[in-house]
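Listed below, chain by chain, are the residues.
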Amino acid sequence: MDALPFLYKTIPGRILLRLLTAPALSRACGAFLDSRLSAFLIKGFARKNKICLDDYETDGIRTFNEFFRRKIKEGKRTFDMSPSAFCAPCDGLLSVWHIDADGGTVIPVKQSAYTVASLLKDRELAARFQGGTCLVFRLCVDNYHRYCYADGGRKGDNVFIPGVLHTVRPVALETLPVFAENSREYTVIESSAFGPLVQMEVGAMLVGRIVNLEGEGVAVRGREKGFFEYGGSTVIVLAGPGKLTVRADIEERSQQGKETPVLMGERVGMQPGTESCPAGQTV
């Protein structure tokens, strides 16, 4: 990762970056990682990233991408099903930001600002989230790369927005509005508990595929929504104004520019006015 400051903070690096962020390169890497020739990478990757293989279903895995999208064993992730609880839809490092009520701008500490309208490419939809909350779950390569629905309700179709594929590591986020430039896909969930939610998956460098398993229909809280293939990736959830109270420790760390490690199914917020819970507590 020492090359990243060169790529994002120097002129020669930015010239090279145009090649590295092109979707065509990601597709080429993906084709290799889909082949049996990539199987030799699995053991070293698991060892380097301290992945506990006993937690996962690994029978029948023949390629690196099959390993990367591996399923976790039943019982290894418990989803908090309390109706008033808002839970992490994936493993990752969580930051929470408030969306400006006037222009819809999201301004993270030490990161480039972006607007919800630029994120969604839909001004009318973006207006529903002005004054609301933006939750950013940044997945690292050692995280579980499947994700589920944050809450249930009627859902729209999947909307794909083409783009480039920057890394989602902090050095890139400090320099560019990465989430508004990268390829991404989202759906709108009409949650009875939290109002309309946008759940978005953002691709990253060498992540050519975001795979969502269902189209328009009904989302079920905690049911698998899809998975990423190789690389660090991001899940973003938008909630409308006054619909979500985020856990106090996560709020505090976010204001300090720090991310909070969370696991899929962990309670990270509540309906406003309902009983709060200590950090990390589930029921």
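Refer to the structure above for everything that follows.
Here the residue index of a chain counts from 1 through its sequence in written order. Side-chain atom pairs in this predicted model are given and counted only at pLDDT of 80 or more, local residue features only at pLDDT of at least 70, and totals for whole chains, interfaces and linings cover all residues. Values reported for side chains reflect all heavy atoms of the structure, with hydrogen atoms and water molecules removed beforehand.

Draft legend 1. The arrangement of the overall build of the protein in detail. When its secondary structure is counted, the protein shows 9 helices and 19 strands. Exposure is judged per residue with a 1.4 Å probe applied to protein chains only, and the accessible area is read against the type maximum: over 50% gives exposed, under 20% gives buried, and values in between give partly exposed. Expressed as a percentage of its 283 residues, the buried residues of the protein come to 52%. The contact definition used throughout considers only heavy atoms, calling two residues in contact when any of these lie within 4.5 Å. Counted over contacts in the protein with a minimum sequence separation of 6, partners at least 24 positions apart contribute 73%. Areas reported as accessible are Shrake-Rupley estimates using a 1.4 Å probe. Residue values count occlusion only from the protein chains shown. When the accessible surface of the protein is totalled, it reaches about 12,900 Å², and 55% of it is carbon and sulfur. In this text, helices come from DSSP runs of H or I with a minimum length of four residues, and strands from runs of E with a minimum of two, each type numbered from the N-terminal end.

Draft legend 2. Quick peek at the environment of Pro261. On the secondary structure map, Pro261 appears in strand β18 (residues 260-262). In sequence terms Pro261 and Arg138 are 123 residues apart; their C-alpha atoms lie 9.3 Å from each other. Residues in contact with Pro261, not counting those within four places in the same chain, are Gly92, Leu93 and Glu266.

Draft legend 3. Representation of the pattern of salt bridges. Whenever a carboxyl oxygen of Asp or Glu lies within 4 Å of a side-chain nitrogen of Lys or Arg, that contact is scored as a salt bridge. In this structure the tally under the stated criterion is 13 salt bridges. Measuring nitrogen to oxygen at the nearest pair gives 3.3 Å for the salt bridge that ties Glu66 to Arg62. Residue Arg62 is classed as partly exposed on the basis of its relative accessible area of 44%. Note that Arg69 and Glu229 form a salt bridge whose closest N and O atoms lie 2.4 Å from each other. In this pair, Arg69 is assigned in the loop between α5 (64-68) and β2 (71-72) and Glu229 in the loop between β15 (224-228) and β16 (233-239), connecting sequence segments 160 residues apart. Residues joined in a network through salt bridges with shared partners are Arg247, Asp249 and Glu266.

Draft legend 4. The sheet that holds strand β17 (residues 245-246), seen in detail. Taken together, 3 strands build an open sheet; the order of strands is β3-β19-β17 and the sheet is antiparallel. Two strands lie at the open edges of the sheet, namely β3 (85-87) and β17, each paired on one side alone. Two strands pair if DSSP finds at least two bridges between them. Bridge count between β3 and strand β19 (residues 267-270): 3 bridges; the pairing is antiparallel. Its bridge partner lying in β19, Phe86 is registered against Gly269.

Draft legend 5. Region of the structure containing the pairing of strand β12 (residues 195-202). Buried residues dominate β12, accounting for 8 of its 8 residues. As defined by bridge partners, β12 adjoins β16 across 6 bridges and the pair is classed as antiparallel. The partner of Leu197 across the bridge, within β16, is Ala239.

Draft legend 6. Inspection of the sheet that holds strand β8 (residues 146-148) at higher detail. If you walk across this open sheet you meet the 3 strands as β8-β15-β13, and the pairing is antiparallel. Since the sheet does not close on itself, it has two edges, and those belong to β8 and β13 (210-212), each with one partner. Each strand of the sheet is rotated relative to its neighbour by a mean of 20°, with strand direction disregarded. The sheet contact formed by β13 and β15 spans 3 bridges and is antiparallel. Note that in β15 the partner of Asn212 across the bridge is Gly226. Every axis corresponds to a line fitted to the C-alpha atoms, with the helix fit spanning only the stretch in contact, and the corresponding angles, defined between N-to-C directions, vary from 0 to 180 degrees.

Draft legend 7. Summary view of a nonpolar patch on the surface. A contiguous nonpolar patch, built from Phe32, Leu37 and Phe40 and spanning about 360 Å² of accessible area, is present on the exposed surface. With respect to the helices and strands, Phe40 occurs in the loop between α3 (23-33) and α4 (41-48). Residue classification places Phe40 among the exposed positions, given a relative accessible area of 62%. Candidates for patches are residues over 30% relative accessible area with no salt bridge; among them, like charges are joined within 9 Å and nonpolar side chains (Val, Leu, Ile, Met, Phe, Trp, Tyr) within 5 Å.

Draft legend 8. Quick look at the packing of aromatic side chains. Two aromatic rings, drawn from Phe, Tyr or Trp (for Trp, its six-membered ring), form a pair once their centres lie within 6.5 Å of each other, and the interplanar angle then sorts them: stacked below 30 degrees, edge-to-face above 60, tilted otherwise. What the rule picks out here adds up to 7 aromatic pairs. Considering the side-chain rings of Phe45 and Phe64, the 5.1 Å spacing of their centres and the 85° angle between planes classify their relative orientation as edge-to-face. Taken together, the residues Phe45 in helix α4 and Phe64 in helix α5 connect sequence positions 19 residues apart. Exposure class is identical for Phe45 and Phe64. Each is buried. With a centroid separation of 5.2 Å and 85° between ring planes, the pair formed by Phe86 and Phe194 is classed as edge-to-face.

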